[in-house]
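What follows is each chain in one-letter form.
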Amino acid sequence: MRYFSHQNVATASDGVKSAIECEGKSCFIAGGTDLLGILKDDLLPSYPEKVINIKTIEGLGNVEGREGGARIGALAKLSALERDPTIIELFPALAESAASVATPEIRNAATLGGNLCQDTRCWYYRYPHHMGGRMDCPRKGSGPCHAVLGDNRYHSVIGGKRCFAPCPSDTAIALAALGATVEVIGADGERSLPVEDLYSPMGNTLRGGEILTNVDIPAQPKGSVQGFKKFTVRKPIDFAIVSVGARITALEGKVSEARIFIGGVAPGPYRDEGVENYLRRKPLDSQSIATASKKALLKAKPLSMNAYKIDIARSLIAELLEELTR
Amino acid sequence: MSSKPTKWVSLTINGDNREFAIGGRAGELPPSETLADTLRERLGLTGTKVGCDRGSCCSCTVLINGAPSLSCMTLTVECDGASVITIEGLPDPLTGALDPLQQAFIDHTAYQCGFCTPGMIMAAKALLTANPSPAESEIKSALGGHYCRCISHYHVIDAVADAAGRKS
Ligand SMILES: Cc1cc2nc3c(=O)[nH]c(=O)nc-3n(C[C@H](O)[C@H](O)[C@H](O)COP(=O)(O)OP(=O)(O)OC[C@H]3O[C@@H](n4cnc5c(N)ncnc54)[C@H](O)[C@@H]3O)c2cc1C
Ligand code: FES
Ligand code: FES
């Protein structure tokens, strides 16, 4: 890895200040499991002069129960979330999504904030700079999206624009289904936004120097059930080809609210209102599930090699909802 | 390149205290150096193997404060105060006797080329410390990220289960 200087910061506002002073020539590091790969392959249009370590910020590593919901610090490790009794009891979808990430070794280092903010895994974007030169693309500031005419089997089937890479984060999908918001601090103070709004086709929507500090999950509605399911080729290590996070609330035997988010198919968690609308006011049973799941991704515009993701999404939704009826 | 003196980090590696001056000058440890490079290139502890150098194969696994961790995805500068154990730290320092896990790997020939073996053993060590009699499914999930090009996985599972039995 090429040389960079390194700074530990003690507070989030120090981190923001330090990044702004560097005028775009710095990166934040949390667990480093994503960032170090990016720096080793020299993918960024400008290599950082300074890496700012945010792991030294106090008080962002905890899970705190709050009125039936929870506030999770951005520095909480994925390995802690998969084992946390509060998370397992109240937000099993999040626990399952955290446990499904990568490998035990990565989950020991990877943070929730880093998992949400990680860069795309598009294999064109990730092509190492030192192997025959940089593969430029819209995310790197110039050139076309190579996935459009190239091998796009793992790319988005809906919502791509200029860049067709899907959101790689598993926890984002579960958190979106749970209605979670993220809190962000930047030069203009704090703001908070729904998890799904953290994503755009060109990457996450954090502005320069902003740090994601906390994730807030609201208390879940009475009578709701939730889950997360992920399709991969290998069980460990692999990113989701497709994943689904769902929360279904039922009143007197009928669905009053459904939140269905699909991962691996769009630049962010894709909310499938077609499925949600069909389920509303119906009992959640094999019949409604079979019909609802076929309504998933009806608006998709797959690329040349990835229409198969639509079938997988429909099967995953059906499997997950069936499990939630048990 | 930074010329300011000097920040120090100190960590213990296999029980020995090590201190490094951090910086960009000759003899200093660059902040961009990974723990894998420090172990192998700076300290000659070449038992830790670097396969992918990208977090995807687990061959570089060492124990950092007891947790199996990827040394290729860890900056040494961020290990201040940490205790690191590598494969060289497993045998008894006085007698040189191998750890029961190492012996079990030998007895089961749980390797072919041996490149993935140190990482496998370190992750298995952490597993057995936390869970002295793991079920096969637990062994598989603890070692699920460890890539073996020679398909030693089946023998590895036997070796770890055997080592667990020998201990109890
Ligand atoms: C082999 C392998 C397999 C993987 N499989 C999966 C998988 O199946 N599912 C999945 O979801 N992920 C997977 N990942 C990705 C992994 O989960 C991420 O690398 C990890 O979660 C990132 O967390 P981190 O703390 O290490 O982030 P870092 O690497 O430290 O940071 C990642 C990025 O986010 C930024 N960042 C980090 N924290 C913050 C913050 N609080 N505020 C603002 N910016 C921040 C950093 O600047 C950097 O750009 C895999 C990675 C590898 C190497
Ligand atoms: S060398 Fe570190 S994970 Fe492959
Ligand atoms: S024994 Fe050769 S890589 Fe595992």
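The notes below deal with the structure included here.

What counts, and at which threshold
Residues numbered from 1 in each chain as written. Chains lettered and ligands numbered in written order. Predicted model: local features only at pLDDT ≥ 70, side-chain atom pairs only at ≥ 80, totals over all residues. Heavy atoms only, no water. Core = buried A, V, L, I, M, F, W, Y, C linked by side-chain atoms within 4.5 Å. Buried < 20%, exposed > 50% of the residue type's maximum accessible area, 1.4 Å probe, protein only. Helix = DSSP H or I, 4+ residues; strand = E, 2+ residues; numbered from the N terminus. Contact = heavy atoms within 4.5 Å. Near = heavy atom within 4 Å. Polar contact = N/O pair within 3.5 Å; in protein donor to acceptor, adjacent residues only side chain to side chain. Areas by Shrake-Rupley, 256 points an atom, 1.4 Å probe, with all protein chains shown as cover. Nonpolar A, V, L, I, M, F, W, Y, C, P; charged D, E, K, R; others polar.

Considerations on the nonpolar core
Residue and element names in this part refer to chain A.
In step 1: Counting residues in hydrophobic clusters, the biggest one holds 81 residues, and the most contacted among them are Ile72, Leu116, Leu175, Val182 and Val215.
In step 2: Of the residues forming this core, the biggest block, 6 residues, is contributed by helix H9 (residues 170-177).
In step 3: The contacts of Ile72, once residues within four sequence positions are left out, are Asn62, Val63, Leu81, Ile87, Leu94, Leu112, Thr213, Asn214, Val215 and Ile217.
In step 4: Counting residues in each nonpolar core, the second largest holds 30 residues, with Val255, Ile260, Val265 and Ile317 among its members.

Some points on the site of ligand 1
In step 1: Around ligand 1 sit 36 residues, and of these A:Phe28, A:Ala30, A:Gly32, A:Thr33 and A:Thr111 come closest.
In step 2: More than one chain approaches ligand 1, the contributing ones being chains A and B.
In step 3: A:Asp170 places a polar side-chain atom, nitrogen or oxygen, 2.7 Å from a nitrogen atom of ligand 1.
In step 4: Burial of ligand 1 by the protein amounts to 95% of the accessible area it has alone, namely 970 Å².
In step 5: Only strand S2 (26-29), helix H7 (112-117) and strand S10 (211-217) of chain A provide two or more residues apiece to the shell around ligand 1.
In step 6: Of the residues forming the shell around ligand 1, the biggest block, 4 residues, is contributed by H7(A).
In step 7: Class assignment for the residues of the shell around ligand 1 results in 17 nonpolar, 12 polar and 7 charged.

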